[in-house]
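Observations on the three-dimensional arrangement
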Amino acid sequence: MILALMCAAQFMVIVDTTIVNVALPDIQHDLGLSNASLTWVVNAYVLAFAGFLMLGGRIADLWGRRRMYLVGLGLFSLMSLLGGLSQGSGELIGARAIQGLGAAAMVPAIMSILMTTYTEQAERIRALGIWASVSGAGGATGVLLGGVLTDLLSWRWIFFVNVPIGVALIVLARVFVPAGDKARERTAVDWAGAVTVTLGVTAIAFGVVSTSDHDWGSVRVTGSLIAGVVLLALFVATESRHRAPLMPLGLLRSRSLTGANVAMVLVSPAVYTTMFYLSQYLQDVHGYSPLETGLAFLPMPLAWITGSQISARLVGRVGVRTLLIVGPLVSVVGLVALSRLSADDSYALHVGVPAALTMLGISMAYSPITLAGTSSVGAENSGLAAGILNTTQQIGGAVGLAAMVSIASARTRALDDSPIGVALTSGYARAFAVLAALVAVTVVVALTVIPRHSTPGTDDGTLEREVRALHDDPALAETIAYEPDSATLLQRQERTP
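Every value quoted in this text rests on a predicted model; they were computed, and no experiment measured them.

Considerations on the overall build of the protein chain
Summing up its helical and strand segments, the protein chain has 20 helices and zero strands in all. Per-residue burial over the protein chain gives 56% buried out of 497 residues. Within the protein chain, counting contacts between residues at least 6 apart in sequence, those at least 24 apart form 82% of the total.

Examining the confidence of the model for the protein chain
Looking at the protein chain, pLDDT values average 76 and 80% of them are 70 or higher. Confidence drops under a pLDDT of 50 for residues 455-497, and excluding neighbours within four residues, the segment shows 57 contacts in the predicted structure.

With respect to a nonpolar patch on the surface
The grouping of Met1, Leu172, Val175 and Phe176 at the surface amounts to a nonpolar patch, some 380 Å² of accessible area in total. Counting through the fold element by element, Met1 comes out in the segment before helix H1 (2-31). Judged by its relative accessible area of 52%, Met1 falls in the exposed class.

Focus: the nonpolar core
Counting residues in hydrophobic clusters, the biggest one holds 90 residues, and the most contacted among them are Met6, Tyr69 and Ile369. Here this core gets 12 residues from one element, more than from any other, and that element is helix H11 (residues 255-285). In this view, Met6 contacts Tyr69, Ile110, Ile113, Leu114 and Val177; residues no more than four positions away in its chain are not counted.

Some points on the side chain of Ser77
One can find Ser77 in helix H4 (residues 65-84). Non-local contacts of Ser77, meaning those with residues more than four positions away in its chain, are made with Asn162, Val163, Gly166 and Val167.

Description of the packing of helix H13 (residues 299-318) against helix H14 (residues 320-338)
Working note: a packed helix pair is described by the angle between its axes plus the distance between those axes. At a closest axis distance of 7 Å, the pairing of H13 and H14 adopts a crossing angle of 130°. With respect to their mutual orientation, H13 and H14 come out oblique. For the pair H13 and H14, the contacting residues are Ser311, Leu314, Val315 and Val318 in the first and Val320, Thr322 and Leu323 in the second. Broken down by class, the residue content of the contact of H13 with H14 amounts to five nonpolar, two polar and no charged.

Concerning empty space enclosed by the protein
For the structure shown, the criterion picks out four cavities of 30 Å³ or more. Surrounding the second largest cavity, 11 residues form its lining, Trp131, Met264, Thr370, Asn390 and Gln393 being those nearest its centre. Going through the elements one at a time, H1, helix H6 (121-152), helix H15 (347-374) and helix H16 (382-414) are the ones with two or more residues in the lining of the second largest cavity. For the lining of the second largest cavity, the element with the highest residue contribution is H16, accounting for three residues.

Describing the environment of Ile130
Tracing the sequence through the fold places Ile130 in helix H6. Residue class for Ile130 comes out partly exposed when judged on its relative accessible area of 35%. As a C-alpha pair, Ile130 and Ser367 span 237 residues in sequence and 9.1 Å in three-dimensional space. Discounting chain neighbours no more than four positions away, the residues touching Ile130 are Leu3, Cys7 and Gln309.

Here we look at the packing of H4 against helix H5 (residues 89-117)
For the pair H4 and H5, interaxial distance at closest approach is 7 Å and the crossing angle is 155°. Viewed along their axes, H4 and H5 adopt a mutual orientation that is roughly antiparallel. As H4 runs across H5, the sense of the crossing is left-handed. Split by residue class, the contact of H4 with H5 holds 17 nonpolar, seven polar and two charged.

Looking at the environment of Met115
Mapped onto the elements, Met115 comes out in helix H5. For the pair formed by Met115 and Ala127, sequence separation is 12 residues and the distance between their alpha carbons is 8.9 Å.

Some remarks on the environment of Leu92
Relative to the helices and strands, Leu92 resides in helix H5. Residue classification places Leu92 among the buried positions, given a relative accessible area of 0%. Excluding residues within four positions of it along the chain, Leu92 makes contact with Ile27, Leu31, Val41, Gly83, Ser86 and Phe159.

Here is what the cut-offs are and how they apply
- Residues numbered from 1 in each chain as written.
- Predicted model: local features only at pLDDT ≥ 70, side-chain atom pairs only at ≥ 80, totals over all residues.
- Heavy atoms only, no water.
- Helix = DSSP H or I, 4+ residues; strand = E, 2+ residues; numbered from the N terminus.
- Buried < 20%, exposed > 50% of the residue type's maximum accessible area, 1.4 Å probe, protein only.
- Contact = heavy atoms within 4.5 Å.
- pLDDT = per-residue confidence, 0-100.
- Patch = residues over 30% accessible without salt bridge, like charges linked within 9 Å, V, L, I, M, F, W, Y side chains within 5 Å.
- Areas by Shrake-Rupley, 256 points an atom, 1.4 Å probe, with all protein chains shown as cover.
- Salt bridge = Lys/Arg side-chain N within 4 Å of Asp/Glu carboxyl O.
- Core = buried A, V, L, I, M, F, W, Y, C linked by side-chain atoms within 4.5 Å.
- Axes fitted to C-alpha atoms, helices over the stretch in contact; angles between N-to-C directions.
- Parallel < 35°, antiparallel > 145°, perpendicular 65-115°, else oblique.
- Nonpolar A, V, L, I, M, F, W, Y, C, P; charged D, E, K, R; others polar.
- 1 Å grid on protein atoms, 1.4 Å probe; cavity = no way out; pocket = protein on both sides within 12 Å on 5 of 7 lines; lining within 4 Å.
- Points joined across faces, edges and corners; volume = space filled by probe spheres on them.
- Left-handed = near helix turned anticlockwise from the far one by under 90°.

And the structure:
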């Protein structure tokens, strides 16, 4: 039940990053929004979500995971209601921003609850496999749901649908999720670190999303990016001196955590950009309706669920590193096929299959990335690690999408003498080619950064517990020597029938 509740809440959060995309034309027409205001219906949510994830993760660790889960879920649901009732751009954008704050409070708590609920290796791998399936499928499903709700009901229902689900999850969580994670004795938060990192990440995210209506060299964009870098430098300086830092800098010495975040930066742009450009390709080039576009995206969540389950079944046998090689390579095949897209291509062979391959490969990598990023830091820092990983995902996706928009737009402008469909498609194809190269770098990261014998699901106390369990099991003791100091003991146990 705990797993079901966490997955349902995560699904809501991820769906909301993409469900708005298909409904944007209807929202603009109904509320009379300018193009600049329309982009902020999406960006306000991403900005608040990315900016406050680390703070939300640390507060969840310090003040209670269930408490933060309930607070975030309540805020998210309330703002969904107000967003659906909005009568102007200010109301809608404000509701979306506060909705992002609720998501930032909720998501790290979700991952921390899962990591502390499932402490045994096999259980944790299965739980995270299911979580990764639901989480990743939410992004592609958002486009499908957005098209269905917008065509059959109204754009307002893309927000209203969250309200009854959120209320039900709050009631069920109070019954089934234990409140055993009490706040620690040290309840003081490193507010200096919290302010600098939140403002720093927010400034960088603001600069990136502003490229939708400003040039990269504009004062608004460059000023925001420089301010963000300065604030993050102050954050590092603060953390090195604080007696109870928001983010212990020692965490960065973990090769698994570092490698996981680098890998997330490399693969997350492919998810965001593929959905963004294929939605435009189907509607602007082939004239699909929102409902038809949503249905055309159905292979993507199905492929994501399949890849996540494959990953969950294999990660305990082959390890994190192997899947971080195989998954991205599968995705590269799909992206290379999409890079050859033309304006008159058929859907099934040239869009559906390559898009499914792209999502299949990335989903095979998501669960290992999550395991590598959260399993090596201990339960007391699991919320923070989840916040860092999700921040990396949001910033990486936003920065990557902005960069791909610039690349595609430059290519389209260079072909202004061609038919509009041809020029647009050529720009999309150029972006997919760059994404293929970016995802391929993940293989290099897996080979050089991720530890060779990375064992999923083992935090600072799991090795000792499993060694003791092995010692107490005569059947296993007959086939495996008791080596309490051996780092390879767990791999040897996994290969034993």
